[in-house]
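Residue-level structure breakdown
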Amino acid sequence: MEIQHFSHHHPLVFIQSHSVASKAALCLVCEKPVEGWSYGCNQCEFYLHKGCAELDLAPKIQNHFHPKHPLTLQPKSRCSWIGKCNLCGKKFGGFAYRCNDCNFHLDINCALLQSSIAANFPNSLHPHPLHVIQNHNKEVEPDCLGCRKPISGPFYHCSDCTYPTVFNLHKECAELPLEINHPYDRKHPLTLLPQPPTHPQKCSCSLCRIQWKGFVYSCSLCNFDLSLDDFLFSPPTITVASHEHPWMLVSRKMWFVCDFCGTDGDHSPFVCATCHLLVHKNCISLPRHIMITRHRHTISLSYSLRQNQVEDWMCKICYEEVDIRYGNYRCPASRCRYISHVRCATDKAIWDGTIMPEGYDERSEEVVDEPWNLITDVVEQIRIGELMVASEIKHSYHDHNLRLTFSGKTKDDDCQCDGCTRPISTPFYRCEQCKFFLHKDCAELPKEMPHPSHMHLLTLVNLHGKLGFSCCCACGRPCQGFSYICYKGYCGYQIDIQCMLFSDTLKHPSHEHSLFLFHNKEGTSCSACFRKLYYSFAYRCMKRCDFSLDVGCATLPLTAWYKYDRHALTLTFSDDSEPSQLFCDICEKKRKPNRWFYYCANCDNSLHLNCAIGDLPYMKLGNKIEGIRHRHPFNVVKNIWNCPPCKGCGEVCNGQALECKESECNFTVHWNCLLDLRE
């Protein structure tokens, strides 16, 4: 049985029992895993639940969450477009309703929600009417403006407030009493305010120290403020699974150092009388065991370490000293010296929130029945010394057998690996029927790998997207070939092979000290290119030398080749030449002082970085890309002789460029000139 669904160009076949192995097998309407009866196109990996396929979705609707304009249905494939719902704040890759005038989006789940106007909501807390949404079944972003905690279940929403001032409230927070009596201030009642009152600039009260921005109960006469965190979520005694004894609230403000995270506090702490511990309220629920991608083992919360238990006390995430008098996460594995601050290990960029159960053993997760890489069959083997090596293989990402080669292409050839797109070097596998090459190391890449730059496990794919290429989230460069991608929900994190092979520490010849991977890049610039650090992670000096490298500069090849030079050019980090000598020998334009460049000492040739390695170092020559500022596909080319002029800037395209071979066009354009291209 087949149907022709309006959202897909192929007929959808009825599937009685869905068994697609891909983690991306999600319904493009509701974005939930496809199970049971469904309709699908296996050729395009396009699937819909039977119920979702049969939904009567109007092409245009009037919706109470956006009453100004009608919303238009937009069925989009998740491989080509990811949006963000303006109601729940979640990314989506399926169907959505969109307002073309306001760039307002609602995913299908939110578009079908019913709501009612909240009656008698106090104008003192918010001036606009609020919608009561009862049956929302997923977590909503951003957090509740009252208690500053994630929203799930029933909540109140303001349709008049739009990004960046989105107004959402838990139903419980929206229905709080406007006035309360509290034991912290027995003289006067406390009044509910939408934000803390203004205090002096150097006020040392609890709310100013923690920079609370949500609702508060306040007494103006006593200059006393109580956060909702204290009012709603602080019973006198708390019992949690991660600690064997109850925690008791100290009902007075006091200065202390938290025994779990090692940071100061001046609010009412919680105490364990048995263990003699004082902790922040938020630290009570710290899990005992967690797993992070920075380390291969489970790490466990330790309240304190004796000095002879570890040889050094350097946090392996921020590379600052760990004070072993206070809590930390460390690896319990024998002879493993991994240790980190509590705040570092539980940072949202490091840990995905998964708690490991007691007695968990990483070895129990090992799969012995399935191949760990994408080599599906070893057809033939040869012996090299004492090792047996696969000389002919079948690989998941190619239709023909691949044969191992130990000699062949050289640096002067344009032969590139289809995995990492770098020039072929031995040993490599080649297809004898077509021009497909794969480094032996690329063929043996694991199916799944963690990377310290991302909190989730990443999966190896040969995915270029609808345009014929993708962009690496680490360095921002366009790339083809293999990538590692995150399939956790619609995270969308993707990293190319070059960046994937970098670990959490780096020794780079441009700096005397080792570098470590970090995420918090606010106000920091790259010490090589001097641009603001923008992409998902970068590297910083362990010795705090104010030296940082973005991933694009860190992954630059240390050598390059120039057609007029028989020697290799070396990546050079400083230049003491006179300003009048700072020129590039390819484009003959000036080089900026203190910028990296490629240099041949034998021939005294100096080249800009892009002039040496090209604008598209990770795109394979001859491959096509589509749909970028032009109606025809482009071919990736490398011009060496008789270089044509660029269609955009008019200068010659010397090196890598994009070429339209259609007879009515027949032009070449630089990658960086695409935005200026006009049909």
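The rules behind these values
Residues numbered from 1 in each chain as written. Predicted model: local features only at pLDDT ≥ 70, side-chain atom pairs only at ≥ 80, totals over all residues. Heavy atoms only, no water. Helix = DSSP H or I, 4+ residues; strand = E, 2+ residues; numbered from the N terminus. Buried < 20%, exposed > 50% of the residue type's maximum accessible area, 1.4 Å probe, protein only. Contact = heavy atoms within 4.5 Å. Areas by Shrake-Rupley, 256 points an atom, 1.4 Å probe, with all protein chains shown as cover. Polar contact = N/O pair within 3.5 Å; in protein donor to acceptor, adjacent residues only side chain to side chain. Core = buried A, V, L, I, M, F, W, Y, C linked by side-chain atoms within 4.5 Å. Pairing = 2+ DSSP bridges. Axes fitted to C-alpha atoms, helices over the stretch in contact; angles between N-to-C directions. Salt bridge = Lys/Arg side-chain N within 4 Å of Asp/Glu carboxyl O.

For the chain, an unreviewed UniProt entry supplies the name Zinc finger PHD-type domain-containing protein and the organism Gossypium raimondii.

Here we come to the overall build of the chain. For the chain, the helix and strand inventory stands at 11 helices and 51 strands. Burial analysis of the chain (679 residues in total) assigns 47% to the buried set. Summarising the internal contacts of the chain: among those between residues at least 6 apart in sequence, 51% fall at separations of at least 24. Working note: accessible area of the chain is about 36,200 Å², and carbon and sulfur atoms make up 50% of it.

Here the focus is the environment of Glu-444. Mapped onto the fold, Glu-444 is located in the loop between helix 8 (440-443) and strand 34 (448-449). The class for Glu-444 is partly exposed, based on a relative accessible area of 25%. Residues Glu-444 and Ile-375, spaced 69 residues apart in sequence, show a C-alpha to C-alpha distance of 7.1 Å. With near-sequence residues (within four places) excluded, Glu-444 lies in contact with Trp-372, Asn-373 and Ile-375. A polar side-chain atom of Glu-444 sits 2.8 Å from a polar atom in the side chain of Lys-440.

With that settled, consider the environment of Lys-50. With respect to the secondary-structure elements, Lys-50 resides in helix 1 (residues 50-53). Residues in contact with Lys-50, not counting those within four places in the same chain, are Phe-14, Trp-37, Ser-38 and Tyr-39.

As a further point, take the nonpolar core. By size, the foremost hydrophobic cluster in this structure holds 65 residues, and its most contacted members are Leu-438, Ile-495, Leu-549 and Tyr-598. With four residues, the top contributor of residues to this core is strand 41 (residues 515-518). Contact partners of Leu-549, with chain neighbours within four places excluded, come to His-508, Ser-510, Leu-515, Cys-526, Ala-528, Leu-533, Ala-538, Tyr-539, Ala-554 and Trp-596.

The next subject is the pairing of strand 5 (residues 60-63). Covered by surrounding structure in strand 5 are Ile-61 and Asn-63 only, the residues Lys-60 and Gln-62 on the alternate face being uncovered. Summarising the sheet, strand 5 and strand 6 (residues 66-74) pair through three bridges and their orientation is antiparallel. Note on strand 6: the bridge partner recorded for Asn-63 is His-66. Connecting strand 5 to the antiparallel partner strand 6 that follows it, the hairpin turn spans two residues.

Looking now at unusual backbone geometry. Look at the link from Thr-426 to Pro-427: it is a cis peptide, with omega at -5°. Checked against the element boundaries, Pro-427 lands in the loop between strand 31 (402-405) and strand 32 (428-430). Although it is not a glycine, Tyr-319 sits at a positive phi angle of roughly 55°. Mapped onto the fold, Tyr-319 is located in the loop between strand 26 (299-302) and strand 27 (328-330). For Asp-546, which is not a glycine, the phi torsion comes out positive at approximately 60°. Its place among the elements puts Asp-546 in the loop between strand 42 (538-541) and strand 43 (548-550). Looking at Asp-546, the relative accessible area reads 74%, which means it is exposed.

What follows deals with the sheet that holds strand 30 (residues 387-395). Here we have five strands laid out as an open sheet, ordered 29-30-31-32-33, and antiparallel in their pairing. Lying at the two open borders of the sheet, with one neighbouring strand each, are strand 29 (375-384) and strand 33 (437-439). Across the sheet, the mean angle separating the axes of adjacent strands is 30° when strand polarity is ignored. Sheet topology places strand 29 next to strand 30; eight bridges connect them, and they run antiparallel.

Moving on to the pattern of salt bridges. Applying the stated criterion across every chain yields a total of 11 salt bridges. Residues Arg-544 and Glu-320 are paired through a salt bridge, measuring 3.1 Å at the closest nitrogen-oxygen approach. Linking Arg-544 in the loop between strand 42 and strand 43 with Glu-320 in the loop between strand 26 and strand 27, this pair joins segments that are 224 residues apart in sequence. Salt-bridge contacts for Glu-444 lead to Lys-440; the nearest nitrogen and oxygen are separated by 2.8 Å. Within the structure, one salt-bridge network assembled from shared partners comprises Glu-380, Glu-392, Arg-403 and Glu-432.

A few words now on the sheet that holds strand 42. What the four strands build is an open sheet, ordered 40-41-42-43; its pairing is antiparallel. Of all the strands in the sheet, the pair left with one neighbour each is strand 40 (505-506) and strand 43. Looking at chain direction, strand 41 and strand 42 are connected through four bridges and run antiparallel. Residue pairing across strands places Leu-517 opposite Tyr-539, the latter belonging to strand 42.

Note on placement: Cys-442 falls in helix 8. Overall, the relative accessible area of 7% leaves Cys-442 in the buried class. Along the sequence, Cys-442 and Asp-418 sit 24 residues apart, while their C-alpha atoms lie 8.8 Å from each other. Once residues lying within four places of it in the same chain are set aside, the contact partners of Cys-442 are Cys-417, Cys-420 and Phe-482.

Attention now goes to the side chain of Glu-392. With respect to the element layout, Glu-392 can be found in strand 30. Looking at Glu-392, its side chain comes within polar contact range of the side chain of Asn-401, at 2.9 Å.

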